[in-house]
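An overview of the molecular structure
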Amino acid sequence: MTLLPKAILLVAALALTACNNPNRYKDGAGANGGAGGNGGYVDTNGLGDPSNPKSIAYFNQSIGDRVLFPVDQSTLTPEARGILSGQASWLATNADYAIIIEGHADEQGTREYNLALGARRAASVQDFLISQGVSPSRMRTISYGKERPIEVCSDEACYSKNRRAVTVLSMGAGA
Amino acid sequence: MSFISFPCKPRRKPADLEGQSRPTYSPQKSPLKNEDKMRPFTSLTAALLIGLSSLTMLGLTTAAHAEINIDITSPVIEPMPFAVPDFIDEGGAGDYARDISRVVAADLAGTGLFIETPKDAYISNITSFDAPVSYPDWQAINTQALITGAVQAGGDRIVVKFRLFDVASGQPLGEGLQFAGTPGSWRRMAHKVADAVYARITGEGPYFDSRVVYVAESGPKNQRQKRLGVMDYDGANVKYLTDSSSIVLAPRFSPTGDRILFTSYASGFPAIYVMNVGNLKTRNLGEVPGTMTFAPRFSPDGNTVVFSLEKGGNSDIYSMDINSGAMTQLTNSPSIETSPSFSPDGSKIVFESDRSGTQQIYIMGAGGGEGVRISGGKGRYSTPVWSPRGDMIAFTKQNEGRFHIGAMLTDGTEERLLTASFLDEGPTWAPNGRVIMFTREGAGAGGQAGLMSVDVSGRNLKAVPTDGPASDPNWSPMLP
């Protein structure tokens, strides 16, 4: 019965990949997308071992890769600042990672406004990380507006998780 | 919510409608002259449009006495009964004769202004296009407008001709018209027949011979696949313009329908692209690294694009000369300025801004500036779109947890809400400025986006048929 634990591990690994794959917004069949662009920033599977404190998986899970925002706001909450301070410290000692900051909005808004709102949120995070010493040259922002919710119910329980900025890492800052 | 009648152009008498470039009608004029006057139609792909000389003799001198008409601005409308017997096959028409008459009937009935008299009520039938109409037979079944037609097909050509009769007064309404085109354009010829009937009876401009570009959606809400589609205004003839490899948003036609602006994540980051509709060639409009461009629209002359550019988290409105790529910043504010839309004369731009704390609608000159706020009611106002008639601004409104599509005069007065739902957004005007199409999306994981249309009066709210979930419709101008 050695197969079963392996199967469980595999499923767990797949689930982890699915949750954290920074390329999850790249539509289409190819994991790295056909259009390029993100290629330099995105590492589909190299999240690493979450018990390795230098891995992306560790950053995502233990440092916290995202901060949440109140409705129609882009100002960082005290809790968000705490998470981002932790991100900045970690990024200072893990200087090889490139950073894309994704801004997202919930569905309670029009499409174009939400794109602009997501950009505001991403910029808030970027500005804070810069203020904490993270080099601007490592970072880019992108807004997905309301195009990529992580929760799909239509009430506040989901909306609150969708109003987010996610710090997505990949290897290759110095590359 | 109020439903006040808007000021509008005085409704012309039906006699004045046939061909807006034609001030008067004179039966003595040669068919060639008529053809000249019909130039707006002549570029239909491989098509000709000719005034039928034999039919023009029946023309407007009699139609001036016609009595049927619909004032679509009146508060209550009793749909006008009409009959469209299957068009006569005058040789080789086959299924086209019936199919074309069915599209004509669907166009008219779809407006909510007309109701089709069922075929099984007919007392007499039309067996020849040129035979006299037996008016009493149509009066007896209470139909008011009778449309007869005939179709010939041969080789790579179909010819459709029709006449419209005012049953009550027992006379033709306007002259007969003939359209010719390739078999592939048979639906367009049907739409042109229906457009002529609609225009003669309502006094409004036509809109059936038009297309809609939109975003076709598939997949779950958290992994939505999006691609551009284009279809006839009634959902037929769908063609996909992109694959789903990148998120695409909010396509917008050029004033002649030859190009489409849209926002795509093709480079990995959102930016504006322009596509040639004829050959699908697409180019990036000039992506500046570190910025996001979105919400593009053409100017009425097709040479300028207005759009939002985001830099460092702040979105402002810019314009770009589409040929040279030269950009001009039109707004300069720490707030979000987006969704710009030109007035039809190109002199002004309506846009949304949250500078007051919430999204509201402003109008500025085409050269930029502060802008004057026009929205004044409760809630958030967004996605303003100037009517092609110039008289109104359509918008999305959010208030008390609901979304509405609405319209107001350009000074912000006479606001009326046309719809209400969990999520309505992104209005687009029909070419005649009388119908609005928009996106309606349902709540929750199973909530799908779809296209809806509604008259600017608030009447005739209905779903637009699409292959699957769809969003971000943009109505083309009348096809050339």
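The sections below set out a description of the structure shown in this document. Counting starts from 1 at the beginning of each chain's written sequence and moves along it residue by residue. Naming scheme: in the order in which they are written, chains are lettered from A and ligands are numbered from 1. For this predicted model, a pLDDT threshold of at least 70 governs which residues receive local features, and a threshold of 80 or more governs which side-chain atom pairs are given and counted, while totals over whole chains, interfaces and linings are taken from all residues. The basis for every side-chain value is the complete set of heavy atoms in the structure, and neither hydrogens nor water enter the calculation.

1. Considering the state of the cysteines
Residue and element names in this part refer to chain A.
- In plain terms, two cysteine sulfur atoms within 2.5 Å form what is called a disulfide here. All chains considered together, the criterion is met by one disulfide over all chains.
- Paired by a disulfide, C153 and C158 hold their sulfur atoms 1.9 Å apart. Taking the sign of the torsion about the S-S bond as the criterion, the disulfide between C153 and C158, at about 120°, is right-handed.
- Taking the relative accessible area as the measure of exposure, C153 reaches 25% and is therefore partly exposed.
- Note on exposure labels: buried denotes an accessible area under 20% of the residue type's maximum, exposed denotes more than 50%, and partly exposed covers the range between, all computed with a 1.4 Å probe on protein chains only. The exposure class assigned to C158 is buried, which follows from its relative accessible area of 8%.

2. Side note on the pattern of salt bridges
- By convention in these notes, a salt bridge is any Lys or Arg side-chain nitrogen within 4 Å of a carboxyl oxygen on Asp or Glu. Per the counting criterion, the structure on display carries 29 salt bridges over all chains.
- Note that D354(B) is salt-bridged to R120(A), the shortest N-O span being 3.0 Å. Here D354(B), found in the loop between strand 21 (348-353) and strand 22 (360-365), pairs with R120(A), found in helix 4 (residues 111-131), and the two come from separate chains. Note on accessibility: D354(B) and R120(A) belong to one class, buried. Numbering of helices and strands starts at the N terminus; helices are DSSP runs of H or I of at least 4 residues and strands are runs of E of at least 2.

3. Section: unusual backbone geometry
Residues and elements named next belong to chain B.
- Located in the positive-phi region is A295, a residue other than glycine, with phi close to 60°.
- Phi is positive for E400, close to 50°, though the residue is something other than glycine.
- Secondary-structure assignment places E400 in the loop between strand 25 (392-399) and strand 26 (402-409).

4. Some words on the interface of chain A and chain B
- Contacts between residues were defined by any pair of non-hydrogen atoms, one from each residue, lying within 4.5 Å. Contacts between chain A and chain B engage 38 residues on the former and 50 residues on the latter.
- Both faces considered, chain A and chain B share a buried interface measuring about 3,500 Å² in area, 51% of it formed by carbon and sulfur atoms.
- The interface formed by chain A and chain B contains six salt bridges.
- Residues K221(B) and E107(A) are paired through a salt bridge, measuring 3.4 Å at the closest nitrogen-oxygen approach.
- In the analysis that follows, any N or O atom pair within 3.5 Å is treated as a polar contact, provided that within protein one partner can donate a hydrogen and the other can accept it, and provided that, for residues neighboring in sequence, both atoms belong to side chains. There are 16 residue pairs in polar contact (both at pLDDT 80 or more) connecting chain A and chain B.
- Put simply, the parts of the chain that give the side of chain A that touches chain B at least two residues each are helix 4 and strand 3 (139-145) of chain A.
- The biggest single contributor to the side of chain A that touches chain B is helix 4 of chain A, with nine residues. Accessible area that two parts lose when put together, with a 1.4 Å probe and added across both, is what the buried area reports.

5. Describing the packing of aromatic side chains
Residues and elements named next belong to chain B.
- To pair, rings of Phe, Tyr and Trp, with the six-membered ring standing in for Trp, must have centres within 6.5 Å; the planes then decide the type, stacked if under 30 degrees apart, edge-to-face if over 60, and tilted in the middle. For the structure shown, the criterion picks out 19 aromatic pairs over all chains.
- Between Y198 and Y207, the aromatic rings sit 5.4 Å apart at their centres with planes inclined by 85°, giving edge-to-face as the arrangement.
- Residue classification places Y207 among the buried positions, given a relative accessible area of 5%.
- Aromatic side chains Y381 and F395 sit 5.3 Å apart centroid to centroid with 55° between the ring planes, which places their arrangement in the tilted category. A residue pair is termed long-range when its members are at least 10 positions apart, and Y381 in strand 24 (residues 380-386) and F395 in strand 25 qualify at 14 residues. When sorted by exposure, Y381 lands in the same class as F395, which is buried.
- Among the aromatic residues, those joined into a cluster by ring pairs are Y198, Y207, F208, Y233 and W475.
- The criterion is that NZ of a Lys, or CZ of an Arg, lies within 6 Å of the ring centre and within 35 degrees of the ring normal, and then a charge sits over that ring. Sitting over the face of the ring of Y240, R227 holds its NZ or CZ atom 3.6 Å from the ring centroid.
- Above the plane of the ring of Y362 lies R355, whose end atom (NZ or CZ) is 4.6 Å from the centre.

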